[in-house]
Every structure is written in C-alpha cells, then in structure tokens.
Amino acid sequence: MAKLQELINVSDLTTCEATAQMITKARKDGVELFFDRASNMKACPIGAESACCKHCSMGPCRMNVNSPYDRVGICGATIDTIVARNFGRMVAAGTAAHTDHGMGMLELFRDVINGKNTDFKIQDPMKLLEVAKALDIVTEGRELKEIALDLYAELEKTYTQVDGEIPMMKRVPPKTLESWRKEGIVPRGAMREIMEMMHRTAIGVDQDYENLTKQISRTALADGWGGSMVSTDITDILFGTPSPVEVEVGMGVLKEDKVNIIVHGHEPILLEAMIISAADPELKKMAIEAGAKGINLIGMCCSGLDALSRHGLPHAGNFSSTEAVLVTGAVDAMCVDVQCIKQDLKRVAECYDTPFITTNYRAKIEGALHIQLDEHDPLKCTEEIVIKAITRFKTRGKTIEIPRKTGLGVHGFSYEYINYMLGGSFRGSYKPLNENIINGRIRGVAGVVGCTNPRSKQDFSHVELVKELIRNDVLVLQTGCSQLALAKAGLTGPGAAAMAGPGLAEVCETVGMPPVLGLGSCVDNSRILIAASKMVRTGGLGETIADLPAAGCAPEWMSEKAIAIGQYFVASGVYTIFGHTFPMTKGTKFEKHLFEELETKGFGKWGFADDPLEMARLMIAHIDKKRQALGIDK
Ligand code: SF4
Ligand code: MSK
C-alpha cells in the first residue's frame, strides 16, 4: 500500500469508531479502501467548480476558475451556460434514479393488486385510501381493489404523462403551486422533464442560465413531488407505514455465531423478500445444521433504512462503511440492488471470501456473481443468496473481528406519526406542531439529510450540525446516511432530549420523543415535503412553504441524487445548505441566481458552508428571519 495512506491518521477519516477499527484492520491486511483512494487522488480543481464542458467533440473546454469570464468555450458557451448545463444534467441523473426506483415500486403495486405477485400484499389499506382521496379518487362505497387500480392509473401519469400537471401537485400548498405555475415549472411527467433537460443541455440548445434554471427546477420537482413521493407512498401501502421502533445500529449488530447477510442498496423489494427467506423454517434449519445459531439479516444504506423503519431490522452503517463492514470477515453474503454501490465492494469482498451478489439487471458489476431478482418470484433469488451465505459460514476463516459498539435509538417517524405523537390525529392536521412553533418552544424545523463522503471526515459534520441545531431548539428531521450517523452517535433516542435547548427538550420530554426524528431513506425526503405542506395547510405559519421557519442541509453529500433533492427543496421554498463542496464556479451569475435571486422570486435558495457550526448558524439565522416575518419572533 502506498506510504501516504499510512501517514494519514485514521481519526482524520472518520468519527465512526467501528469504521476506524476496520480501516486499521484493512491496512494491516493490505486491503485498499476508498478512504485511501480519496487521500491519494486529489480532486481536479476545474472539475470541482464545474468549470469544464465535454458536451461535444470540439472540446472538452476548460474555463479559468480564477477569472471565469476570461474566456468562452469553442462554441462560445459562457461559464454560466457551462455550469448551469452541468448542474442540470446532475439533476436529471438524480431525478432519473429516484423516478426509476419509484416506477419499479408502482409496477410491483400493480402486480400485487392484479394477483400477479402473491408473495406480497397490501399492508396499509388506510394509507391507500388517504393517498387516493388526496388525488380526488372516489373511495366511498367502492372495493379496495377498484380504488387501487384507479390509484395505479393515476400515479402512472407521474412518469409517463406528456402534458398537464403530475398528480401529486394536488398535495402542494395552493400558493406554492401558484408560484410554480407563474414561473412555468410545474412538472408534466418525469420522463418528459428528464428528456427535455437532457435536450436543453446539449450543444447549441438552451444557452440562457435563467431559462435553464426553470427546467432544472421542473425536473427536480418531478423527483420530489413525483417519483420519490410515489415511491414512499406505494412502499408504505405495500409494506406498512412506519411507526416508531427501537433499533440497534452499527457494525456490532454482526454476530460471530450467526450467518450474517447484508443487504445494501435502495429498492425495498430485495430486502422485503430477504426478510421472508431469512425466516423460512427450512433455511433456518439449514443454518443451524451448519453450526450457526441462526440467520442474522442486516441492512445498509437506504434499503437498510427502509427495513429499519418498518420492521426494526438492525442496520450496520452508512455509505462510507460498506467496504469497512466486509473487513470484519464476518459477512457471509452481501447482496445489492441499485445506487451507491461502490464497484470496489466486489474486490474487498473477495479479499475476505465473502460472496458478493448483484440482483438487479440495471446494476451488474464486472466479475461479480449475478442472481437476478424476478419481481414475480423474488424468493427464488433471496433463497439462493441465503444458501450461499450458509455455505460460506461453514468455511469461514479465523480472522474475524467485529467491532462491539452499537447505538440504540428510535426510528420510523412517518409524517403521520409525527403529528399523532404531538397530540394530533394519525392522519389529521399539524396543529400541535404548529402551536409549538408559534409559542416558540420549537424554534423551527431542519431537515438534515444525505450522504457521507470520503473527502469529509465521516459523520463529523452531520453530528456536530445536529447537536448545534437541537441545542438551539430546532427540531431535526432526518433521512438517508445522515440518519445513521446520528443513530450511531446515540442522538436518536429519547435520552438525547437532554442535549436539546429548554423549549425543544420540554416538548420531547412531554411526548417521549427524541429531538432527532429519522424518517427513512433518500426517497423518503418526500415525507418532509408532505410534512411541510401540512404545516402550511394547517395555518398560522404563512401561506407557502417558503414562509415556514425551516431549513435543510446535506453536510457531507456526494451523489447526483443529492443535487436533485437539494434543487427540489429549493424550488419548494426551502433554504438548503450543502457542505464541503459544491459544483459551482464562484463569482458567476449562475451562482448569484441560485444562491440569492431565487429567494427574491418566492422560492428557497442554495447555501454553502464548510464548517458544521457555520451551517447551523446560517440555518438558525434563516429560521429566525422567517419567524420575524411571521410575527412569531420570541
Ligand atoms: Fe466546448 Fe461548447 Fe463543445 Fe462544451 S459544447 S465542449 S463548451 S465547444
Ligand atoms: S444511500 S444517496 S449515500 S444518503 Fe441513499 Fe446514502 Fe447518499 Fe446513497
């Protein structure tokens, strides 16, 4: 291994003790991890500011980041056109990922209601009725199947419709929707918006950064209020709407005496099928005959968060720990579906004789074993994976080292439950939350979400930012890898109320809730949108989402999906801060447009900060500004 890695202190790479222990072990074992590559490979300074274009073969063209208006591309494209086009393509890619995921869930829903898939059934008919009613589908006096078929047909428009407005626009606060109509950014259908975004960012098409920004917002809104929202709702209908559940997280959930199977990725179907297979009496018997005390199913990343929220399934860690967990030597199989799956997992798995299995035709990895999951017969795939894991358990090497530390916390806070918990009805208005904001016990609401990134110290900014927010009476809603960072740090249990400011602590102690509420996976950011919409509709906090004392942050982001999420929050009215890096050339008109001008048009705006305390300061100042405008300043 290169000397540089050995010179880098492990404590500079992560604040996750288990991951640190495994980085140290990997170094001893001579196994390279992505932390090592991030230290070795410096980011390109031009690419980091998004100041290059390779949209045609006259280029690639590189701009001068120190003096961005010095030159233009060979076609004449200005820095604003180049950065805006690059940004638009990131949003298109992120939106495509979430909408393809959502469309897969909708197809599964169709097959379940048509009886083509008999392994799953509708677990939450009440949610089905609620979503149907929100979309003006008649529910009175009708069979559930009839309503479900209508709901399928309506929701399909989210993806395939070419004109009009996507169905979920009915859930947007009227004034927010009005501002989108005025700006011409109401999404027609996700496929159409992604197609148009790609077209408009090709050489010689849209070369006006303000006009491009409109399509960037429209595409992102087709994700947040479209593909992602449909995915969350359908997953709740099929597998149950989450309610609070106590769960153990961290690598200590691996068990030396059990067959450990990790599921990592994003689409719930693989893990839901795996839950059924892991409980199969014959497979359990096979595991015991192999000398194990049972089958230990564990989630990672967003698939794991879905199952953690719904079933209390243990979770081993976030994106930056997926290689490190293999270094334990205790993983008997890792199976994956789509998104955030590092190609090098295959090589690291091989170093520890762990079967690494891809299951989705969209996401194969060169040289990895592929067992296709057929949605009509998912257990065929998952049973085969369990058998492979049992076989590996029998031949496990002796170099197993499992970090002991785990965090115990409460997760599974759907927007329905947040209201119920605070004294409202399960599916009613948000009166209790609004009242606590108006009376000042809760200063405001923050969404802290998103990835971890080996170019930032793992989990550090997530944890420090959230600590500062709750200390200042800001209620924190979480999704994605960020939720895991806080869970490992012990801030998702009711005991964390002791770290909150006096107002928030009083609410938490009265209700018995933690000040940090985990809402689930990345697509579940749509739960935050619905919560925001319900707060506006309930009254007392303004007429648009932009009026709410709320802010968002992805302090350690890395994925294009995060940029799509950020843009749909900004377009919805939320001040959204990203940390550590941002694909933007400083001092450009496009930067001013995203970071200042959008707010003056009634939208949210982007922000950037490198230090978690600075992120918190900016978010709290924004929340206070909104409180003042509402006349509820403390
Ligand atoms: Fe260069 Fe223009 Fe081609 Fe981009 S589109 S690579 S700026 S010539
Ligand atoms: S898994 S998108 S690293 S949150 Fe959704 Fe985590 Fe970011 Fe992937």
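Every chain begins its residue count from 1, and numbering advances along the sequence as written. Note on labels: chains are lettered from A, ligands numbered from 1, in written order. For this predicted model, a pLDDT threshold of at least 70 governs which residues receive local features, and a threshold of 80 or more governs which side-chain atom pairs are given and counted, while totals over whole chains, interfaces and linings are taken from all residues. Note that water and hydrogens are dropped before the side-chain values are worked out from all heavy atoms of the structure.

(A) Inspection of the site of ligand 1 at higher detail. Ligand 1 sits among Cys 53, His 55, Cys 56, Met 58, Gly 59, Cys 61, Gly 73, Ile 74, Cys 75, Ala 77, Arg 85 and Ile 203. Under the convention adopted here, Pro, Cys and the residues Ala, Val, Leu, Ile, Met, Phe, Trp and Tyr are nonpolar, Asp, Glu, Lys and Arg are charged, and Gly plus all remaining residues are polar. For the shell around ligand 1, the residue count by class is eight nonpolar, three polar and one charged. Throughout, the term near means that a residue has one or more heavy atoms lying within 4 Å of the molecule or strand in question.

(B) Up close: the site of ligand 2. As a structural note, the neighbourhood of ligand 2 is formed by His 266, Cys 301, Cys 302, Phe 319, Cys 340, Gly 450, Cys 451, Cys 481, Cys 522, Met 558, Ser 559 and Lys 561. Taken together, the residues of the shell around ligand 2 break down into eight nonpolar, three polar and one charged. Residue-level mapping places the shell around ligand 2 at the junction of two domains, with at least three residues from each of domain 3 (251-394) and domain 4 (413-630). Residue ranges assigned to each domain were obtained from an automatic or database domain assignment.

(C) Spatial organisation of the nonpolar core. Core analysis: the biggest nonpolar cluster contains 175 residues, and Phe 109, Trp 180, Trp 225 and Leu 469 have the highest contact counts within it. Where helices and strands are cited, they refer to DSSP runs of H or I of at least four residues and of E of at least two residues respectively, numbered from the N terminus. Per element, the largest residue contribution to this core is 15 residues, and it comes from helix 5 (residues 79-113). Setting aside anything within four residues of it in sequence, one finds Leu 469 in contact with Ala 446, Val 448, Val 474, Val 476, Ala 616, Met 619 and Ile 620. Each nonpolar core is a collection of buried residues, namely Ala, Val, Leu, Ile, Met, Phe, Trp, Tyr and Cys, held together in the definition by side-chain atoms within 4.5 Å. For every residue, the accessible area obtained with a 1.4 Å probe (protein chains only) is divided by the maximum for its type, and the residue is called buried under 20%, exposed over 50%, and partly exposed between those limits. Leu 13, Cys 16, Val 325 and Cys 481 belong to the second largest nonpolar core, which has 41 residues in total. It only takes one pair of heavy atoms within 4.5 Å for two residues to be counted as in contact.

(D) Region of interest: the domain arrangement of the protein. Each assigned domain of the protein is listed with its residue range as follows: domain 1 (3-39), domain 2 (79-239), domain 3 (251-394) and domain 4 (413-630). Spacing between the C-alpha centres of domain 1 and domain 2 amounts to 40 Å.

(E) Seen up close, the environment of Ala 550. Structurally, Ala 550 is set in strand 13 (residues 550-554). By relative accessible area, which is 16% here, Ala 550 ends up buried. In this structure the C-alpha to C-alpha distance between Ala 550 and Gly 444, which are 106 residues apart in sequence, comes to 5.5 Å. Every residue in contact with Ala 550, bar those within four places of it in the chain, is listed here: Val 445, His 622 and Ile 623.

(F) Representation of a nonpolar patch on the surface within the structure. A cluster of nonpolar side chains, Met 58, Ile 74 and Ile 203, forms an exposed patch at the surface whose accessible area comes to about 290 Å². Inspection of the secondary structure puts Met 58 in the loop between strand 1 (52-53) and strand 2 (61-62). When its relative accessible area of 45% is taken as the criterion, Met 58 is described as partly exposed. Only residues whose relative accessible area exceeds 30% and that form no salt bridge enter a patch; like-charged residues are grouped when within 9 Å of one another, and nonpolar side chains (Val, Leu, Ile, Met, Phe, Trp, Tyr) when within 5 Å. We get accessible surface area from the Shrake-Rupley algorithm with a probe of 1.4 Å; when it comes to residues, only the shown protein chains can shield them. By definition, a salt bridge exists where a carboxyl oxygen of Asp or Glu is found within 4 Å of a side-chain nitrogen of Lys or Arg.

(G) Main features of helix 22 (residues 525-538). By definition here, a helix of n residues has an expected span of 1.5 Å times n minus one. The end-to-end C-alpha distance of helix 22 is 20 Å, a good match for the 20 Å that 14 residues give at a rise of 1.5 Å each. When you tally the buried positions in helix 22, you get 12 out of 14 residues, the bulk of the element. By the burial criterion, the buried members of helix 22 are Asn 525, Ser 526, Arg 527, Ile 528, Leu 529, Ile 530, Ala 531, Ala 532, Ser 533, Lys 534, Met 535 and Val 536. Of the residues trailing helix 22, Gly 539 is marked for its positive phi of about 100°.

(H) Highlighting unusual backbone geometry. Residue Gly 59 is joined to Pro 60 through a cis peptide bond whose omega torsion reads 0°. With respect to the element layout, Pro 60 can be found in the loop between strand 1 and strand 2. The backbone phi angle of Asp 353 is positive, close to 55°, even though this residue is not glycine. By secondary structure assignment, the location of Asp 353 is in the loop between helix 15 (345-351) and strand 7 (356-358). The backbone of His 580 sits at a positive phi, close to 70°, despite the residue not being glycine. Residue position: His 580 is located in the loop between strand 14 (575-579) and helix 24 (589-600). Given a relative accessible area of 28%, His 580 falls into the partly exposed group.

(I) Region of interest: the packing of aromatic side chains. Between the rings of Phe, Tyr and Trp (Trp by its six-membered ring), a pair exists once the centres lie within 6.5 Å; its type follows the angle of the planes, with under 30 degrees stacked, over 60 edge-to-face, and the other angles tilted. Throughout the structure, instances matching the rule amount to 14 aromatic pairs. Between Phe 87 and Trp 606, the aromatic rings sit 5.8 Å apart at their centres with planes inclined by 85°, giving edge-to-face as the arrangement. Of this pair, Phe 87 sits in helix 5 while Trp 606 sits in strand 15 (residues 606-609), and the two are 519 residues apart along the sequence. Taken as a pair, Phe 87 and Trp 606 share a single burial class, namely buried. Geometrically, the ring pair formed by Phe 120 and Phe 239 is edge-to-face, given 5.2 Å between the ring centres and 85° between the ring planes. Here the residue Phe 120 occupies a position in the loop between helix 5 and helix 6 (125-134), and Phe 239 occupies one in helix 10 (residues 209-239), the gap between them amounting to 119 residues. Residue Phe 239 is classed as buried on the basis of its relative accessible area, which comes to 7%. Taken together through their ring pairs, the aromatic side chains of Phe 87, Tyr 209, Trp 557, Phe 578, Phe 582, Phe 590, Phe 595 and Trp 606 make up a single cluster.

(J) Focus on the side chain of Ser 482. Here Ser 482 lies in helix 20 (residues 480-488). For Ser 482, a relative accessible area of 0% translates into the label buried. Engagement of the side chain of Ser 482 in a polar contact is seen with the backbone oxygen of Val 448, the distance being 3.5 Å. Those residues in contact with Ser 482 that lie beyond four places of it in its chain are Val 448, Val 449, Gly 450 and His 462. In protein, a polar contact requires one atom able to donate a hydrogen and another able to accept it; more generally it is a pair of N or O atoms within 3.5 Å, and residues adjacent in sequence count only if both atoms are side-chain atoms.

(K) Representation of the sheet that holds strand 4 (residues 259-264) in the model. Two strands pair under a simple rule: DSSP has to find at least two bridges between them. Ordered in space as 5-4-6-7-8, the five strands form an open sheet in which the pairing is parallel. The sheet terminates laterally at strand 5 (295-300) and strand 8 (369-370), the two strands that pair on one side only. Sheet topology note: the strand 7/strand 8 ladder contains two bridges and is parallel. Note on strand 8: the bridge partner recorded for Ile 357 is Leu 369. Only the stretch in contact is used when a helix axis is fitted, and all axes are lines through C-alpha atoms; the angle between N-to-C directions ranges over 0 to 180 degrees. In this fold helix 11 (residues 268-278) packs onto strand 4, strand 5 and strand 6 (333-336), with an angle of close to 170° to the strand it touches most, strand 5. Across the sheet, helix 13 (residues 301-311) touches strand 4 and strand 5, and the angle it forms with strand 5 is around 115°.

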